[in-house]
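Listed below, chain by chain, are the residues.
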Amino acid sequence: MGQASGRNDRLGAERRGAFALDAAAQRGKAVAKAAWWTAAGGLAKFITRPTEGKAAPRFASDAPPVSRGRLRRAYMSAFEKDAADVAAGLYPPMEDAPSHPAASILKAWDFLADARAVDERRRRGDGVEVRDDPKSQGYPAYYRQNFHYQTGGWFTADSARRYDAQVEALFSGAAGAMRRRALSLLARHWRGRDQRDLRAVDVACGSGAFLHDLARAFPRAGLAGLDLSPAYLTEARTRSGRGMMQANAERLPLADDSLDAVTCVYLFHELPPRVRPIVAAEIARVLKPGGVLAFADSVQPSDEPQLARMLEAFPAYFHEPFYGSYAETDLEALFGAAGLRVAGRDKAFLTKALLLEK
Ligand SMILES: C[S@@+](CC[C@H](N)C(=O)[O-])C[C@H]1O[C@@H](n2cnc3c(N)ncnc32)[C@H](O)[C@@H]1O
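Thresholds applied
Residues numbered from 1 in each chain as written. Predicted model: local features only at pLDDT ≥ 70, side-chain atom pairs only at ≥ 80, totals over all residues. Helix = DSSP H or I, 4+ residues; strand = E, 2+ residues; numbered from the N terminus. Buried ≥ 20, exposed ≤ 12 C-beta atoms within 10 Å, placed from the backbone. Contact = placed C-beta atoms within 7 Å. Near = placed C-beta within 6 Å. Nonpolar A, V, L, I, M, F, W, Y, C, P; charged D, E, K, R; others polar. UniProt positions renumbered as here; feature names shortened; annotations may be inferred. Pairing = 2+ DSSP bridges. Right-handed = clockwise from strand over helix to strand, strands pointing away. Axes fitted to C-alpha atoms, helices over the stretch in contact; angles between N-to-C directions.

The name given to the protein chain in an unreviewed UniProt entry is SAM-dependent methyltransferase, with Caulobacter flavus as the source organism.

(A) Summary view of the overall build of the protein chain. Looking only at helices and strands, the protein chain has 11 helices and 7 strands in total. In terms of principal-axis extent, the alpha carbons of the protein chain reach across some 80 × 45 × 40 Å. Buried positions account for 44% of the 358 residues belonging to the protein chain. Long-range pairs, those at least 24 residues apart, make up 73% of the contacts in the protein chain with a sequence separation of at least 6.

(B) Spotlight on the site of the ligand. With respect to spatial proximity, 19 residues lie near the ligand, and among them A204, G206, L228, A249 and V265 are the closest. In terms of residue class, the shell around the ligand is built from 12 nonpolar, 3 polar and 4 charged.

(C) Local environment of unusual backbone geometry. Although it is not a glycine, Y149 adopts a positive phi angle of roughly 60°. Here Y149 shows up in the loop between α3 (101–124) and α4 (157–170). C-beta crowding within 10 Å serves as the criterion here: with 25 such atoms nearby, Y149 is assigned to the buried category. Although it is not a glycine, Y266 adopts a positive phi angle of roughly 60°. Considering the arrangement of structural elements, one finds Y266 in the loop between β4 (259–265) and α8 (276–286).

(D) A look at the UniProt feature "domain: Methyltransferase type" (unreviewed entry) in the protein chain. Residues given the UniProt feature "domain: Methyltransferase type" (unreviewed entry) here are residues 201–295. Split by type, residues 201–295 is 33% helix and 31% strand. Its first and last C-alpha atoms lie 12 Å apart.

(E) Region of interest: the environment of D133. In this fold, D133 is placed in the loop between α3 and α4. Given 14 C-beta atoms within 10 Å, D133 falls into the partly exposed group.

(F) Fine view of the pairing of strand β5 (residues 287–298). In terms of burial, β5 is a largely internal element, 9 of the 12 residues being buried. Relative to β5, β4 is paired through 6 bridges, and the arrangement is parallel. Residue pairing across strands places T263 opposite A294, the latter belonging to β5. This β-α-β element, β4 to α8 to β5, shows right-handed connectivity. Judged from the 7 bridges that link them, β5 and strand β7 (residues 351–357) form a sheet pairing that is antiparallel. Considered in β7, the bridge of V292 is made with E357.

(G) Spatial organisation of the sheet that holds β7. Here we have 7 strands laid out as an open sheet, ordered β3-β2-β1-β4-β5-β7-β6, and mixed in their pairing. The sheet is open, and its two borders are formed by β3 (243–246) and β6 (341–348), each paired with just one other strand. Direction aside, the axes of adjacent strands within the sheet are offset by 20° on average. As judged from the 7 bridges shared by β6 and β7, these two strands associate in the antiparallel manner. Residue A348 lies in a different strand from β7, and its bridge partner there is T351.

(H) Quick look at helix α6 (residues 209–217). Of all 9 residues that make up α6, 7 are buried, and the element is covered over most of its length. The complete set of buried residues in α6 reads A209, F210, L211, H212, D213, L214 and A217. Those residues of α6 that are buried lie in contact with α4, α5 (175–190), β1 (199–203), β2 (222–227), α7 (230–240) and β4.

Next comes the structure, spelled out in structure tokens:
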């Protein structure tokens, strides 16, 4: 008895030591990544000066200026929570950026080379250029837009390859850590479960950043990605090695009560108000009773009143036609109407996460 408990103590201490080492590795990577993408984002701003000159978007708000201290604390919270979850053994350290320096340089270079084209679209206020592209025919009108003024919208391989660099530069390297607030909630919920029995789909998986993290955290679970963009799905497949479905989230090609979890990151702020309840109901439909939605999206002004001015500025500089209505959406009521109740919540920097149970 005494010997067994001594061995357990020793094993526990070894495991904690290993997790602490992992967390240190995660912190080290976060510092490098934050510096890299802050520099790339700063350089893009230096090149394009989006708030100055002819036809720069005008933005007015009654919200008070954002304090630098508050912003820094919110930013750091994403990395601190991420490292704490690795230290707790909830998930392993993650590779967010290309691990090879040459690949990181190429990604940043490509992002910077495209920054002027994005800025020209911003100055023209042209968020629907992509409608001239025959590839966009047949998709819903709300989808046929150059979200973020990105080149090619959701319709080209170049856009899919460039997307992560754009997001990381926008959030100064914190995007992966922010998305993982949803992973943290799911990992706590699934702790102790046999992964081999679990099935989950990442709805609107984009280029696969979150699915890649899911696959690292739950390597034996049945995981797949779903998105409307064939180009982004190709990128996500390469990145995560998981199966993909091309489909509209309004009509999920999945049976009723078939999944243990759905994950959904940064989709809802890009949906028009009439579509959000349809997608929420579809997600609820495909979840098993007791299944969960791990959701992450932008914080709303009510979550972070001190950052409200920044949140209001976002859609003025990055084409986000539905962000204003998202900011005011009562998410608990939206998902509640679909039969999902809040079972957990978290937030870091500019992202909030909810765990919603059927
Ligand atoms: C802002 S990106 C988020 C991607 C990814 N989840 C992430 O964390 O980076 C939005 C994604 O939603 C997809 N999307 C938008 N509307 C959709 C719909 N109705 N059905 C399926 N996917 C949709 C887009 O193709 C795009 O990949």
